[in-house]
Amino acid sequence: MMATFDLSRETLAQHSVDMRQFIDWRQATLSNGLRVIDGYNSSGLTLTLLPDRGLDIWLAAHNGRPLTWISQGSPHAPDFGGGWLRLFNGGVLVTCGLRHAGPPEHDARSGQHRDLHGDFSLLRAYNIAVNAGWREDRYVAEVTGEVAEASLFGEQLHLTRTVRLTLGEPTIEIIDVFENRYDVATPFMLLHHFNFGYPLVQDGVELHVAHNTVTLRDMQAASAHHDWAHYHAAMPRHLEEVFFHQVLAGQDRRALAVLAGARFGLALEWDTTHEPYLTQWKNYRQGTYVCGVEPGNCLPEGQNRAARSGRLVQLGAGERHVFYNRLTVLDGAEEVIAARARVAAIQRSGHPVDIALTDYAA
């Protein structure tokens with residue numbers, strides 16, 4: 001539910017001289033040396049950013065209810081020799097890319113090894129800034145930072161990321177601006193790997209997304225094709241199921257996915273301009289019970305297959321792409337019903353994004 005007390009500018013000015021009483025970002029350092037930035041909002045939303053892991057989002061909860069899954073001992077310090085799976089923190093957002101997203105592979109031409117989902121989540125953000133203030137009648141508090149994925153005589157990719165909270169709203173906005181600062185084009189693969197865990201995900205929860213087609217990644221997905229929208233309880237040795245959605249977007253090019261039960265859930269809205277793909281990852285395995293809803297400018301298939309199929313994005317010299325993602329907690333049956341109605345409206349009047357997945361369908 002929304003906050004049950006008055007959060008208007010006039011009322012707050014009468015009762016407090018410091019807005020940090022109601023909303024704030026607080027920077028600290030853990031005992032293992034990792035920097036963290038904790039966000040707090042009177043909407044009931046709390047979250048933790050990891051500047052030393054790409055300024056991704058780790059813990060998140062709403063009124064004490066966890067929204068995500070985290071791995072044992074996390075957050076882990078970045079280590080390029082550690083392997084992506086061992087260093088996977090879980091958490092709400094793990095950014096995959098920027099030159100590779102998908103299984104480990106060797107480059108078809110150079111033989112260069114690329115680890116699962118690329119290097120981005122091992123990179124440290126810099127020029128961290130916290131800004132807060134009233135924008136007309138809305139009080140906004142945001143963190144901005146920069147991340148570089150760069151190599152001498154290689155790629156020179158740069159991200160400016162903003163994570164935004166708005167007073168009284170149970171929302172997280174992520175605005176990413178990616179630039180190629182070099183004089184040649186570079187492969188660009190980006191997956192916003194949003195991860196959700198118990199109790200947000202549990203038996204009876206469903207994914208509602210306006211879509212044109214659902215494509216199966218492999219035979220495991222084929223065995224559960226009839227059940228792609230439904231989520232189930234944890235089970236031992238369950239194998240992951242992965243589905244690719246050709247979503248429908250509105251006139252504003254935004255798409256919407258709702259992951260919810262009858263009275264609680266989460267809505268994910270994103271701009272499909274440069275992020276037309278949606279990957280659904282279902283993983284009910286006991287203990288590591290985590291499921292993903294993942295917009296991207298690619299599928300998690302690796303550079304080699306993306307290049308063969310013509311799906312590999314090349315970010316031109318000096319080119320920049322802007323990405324927008326918004327997460328909103330749905331607390332109560334009315335909010336869930338309203339969000340599902342928005343999905344239904346897009347299903348009726350939306351337009352399919354321009355992607356081709358015929359090689360998977362074959």
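For the structure, see preceding data.
Student: Could you clarify how one ought to interpret the pairing of strand β4 (residues 56-62) in this entry?
Tutor: Remember that side chains alternate between the two faces of the sheet whenever the strand is regular. Here β4 lies mainly inside the structure; six of its seven residues are buried. In the sheet, strand β3 (residues 45-50) pairs with β4 via five bridges, with the strands oriented antiparallel. What sits directly across from L45, in β4, is H62. Taking the residues between adjacent antiparallel strands as the criterion, β3 and β4 are bridged by five residues, where G54 takes a positive phi near 75°. The sheet contact formed by β4 and strand β5 (residues 65-66) spans two bridges and is antiparallel. Residue pairing in the sheet places A61 in a bridge with P66 of β5. In this structure, the hairpin formed by β4 and β5 is closed by a connection of two residues, where N63 is found at a positive phi of approximately 50°.

Student: Looking at this structure, I do not really get the pattern of salt bridges. What am I missing?
Tutor: One side chain can pair with another of opposite charge once the charged atoms of both are near each other. One pass over the full model with this rule turns up 25 salt bridges. With a shortest N-O distance of 3.9 Å, D52 and R124 are connected by a salt bridge. Within this pair, whereas D52 is found in the loop between β3 and β4, its partner R124 is found in the loop between β8 (113-114) and β9 (126-135), the two being separated by 72 residues in sequence. R311 is paired through a salt bridge with E301; the nearest N and O atoms lie 2.9 Å apart.

Student: So what exactly am I meant to see when it comes to the environment of A257 here?
Tutor: Along the chain, A257 turns up in strand β17 (residues 254-260). Its relative accessible area of 2% is what places A257 among the buried residues. Remark: the alpha-carbon pair of A257 and D119, spanning 138 residues in sequence, is separated by 27 Å. Filtering out sequence-adjacent residues up to four positions away, A257 remains in contact with L207, H208, V209, L266, A267, L268, W270 and V293.

Student: How should I be thinking about the sheet that holds strand β14 (residues 206-209) in this particular structure?
Tutor: By definition, the strands of a sheet pair up through backbone hydrogen bonds, in either a parallel or an antiparallel sense. The sheet built from eight strands is open, its strands ordered β9-β10-β11-β12-β22-β18-β17-β14 with antiparallel pairing. With partners counted over all chains shown, the strands left at the sheet margins are β9 and β14, one partner each. The average angle at which neighbouring strand axes cross in this sheet is 15°, direction not considered. Strand contacts of helix α4 (residues 333-349): β14, β17, β18 (264-271) and β22 (320-331), with the helix running at about 140° to β17, the strand carrying the most contacts.

Student: I would appreciate a short explanation of the side chain of S121 in the present structure.
Tutor: Note that S121 resides in the loop between β8 and β9. Apart from residues lying up to four places away in sequence, S121 is in contact with R53, G54, D56, W84, V94 and T95.

Student: Which parts of the structure should I look at to understand the nonpolar core?
Tutor: Burial of nonpolar side chains together is a common tendency in soluble globular proteins. Of all hydrophobic cores here, the largest spans 88 residues; its most connected members are W25, L49, I172 and F196. Take this core: its biggest share by element is six residues, from strand β13 (residues 186-197). Leave out the neighbours within four places in its chain, and L49 touches W25, R35, V36, I37, L55, D56, I57, V143 and V163. Counting 11 residues, the second largest nonpolar core, distinct from the first, contains A260, A267, L330 and I346.

Student: Please explain the environment of F88 as it appears in this structure.
Tutor: Structurally, F88 is set in the loop between β5 and β6 (93-98). Assessed through its relative accessible area of 11%, F88 is described here as buried. Beyond its immediate sequence surroundings of up to four residues, F88 is in contact with W69, S71, H76, V94 and N195.

Student: How do you make sense of the pairing of β22 when you look at a structure like this?
Tutor: Burial analysis of β22 places 10 of its 12 residues in the buried class, the great majority of the element. Relative to β22, β18 is paired through seven bridges, and the arrangement is antiparallel. Note on β22: the bridge partner recorded for L268 is L327.

Rules behind the numbers
- Residues numbered from 1 in each chain as written.
- Predicted model: local features only at pLDDT ≥ 70, side-chain atom pairs only at ≥ 80, totals over all residues.
- Heavy atoms only, no water.
- Buried < 20%, exposed > 50% of the residue type's maximum accessible area, 1.4 Å probe, protein only.
- Helix = DSSP H or I, 4+ residues; strand = E, 2+ residues; numbered from the N terminus.
- Pairing = 2+ DSSP bridges.
- Salt bridge = Lys/Arg side-chain N within 4 Å of Asp/Glu carboxyl O.
- Contact = heavy atoms within 4.5 Å.
- Axes fitted to C-alpha atoms, helices over the stretch in contact; angles between N-to-C directions.
- Core = buried A, V, L, I, M, F, W, Y, C linked by side-chain atoms within 4.5 Å.

Such coordinate-based values are descriptive only and should not be taken to indicate function.
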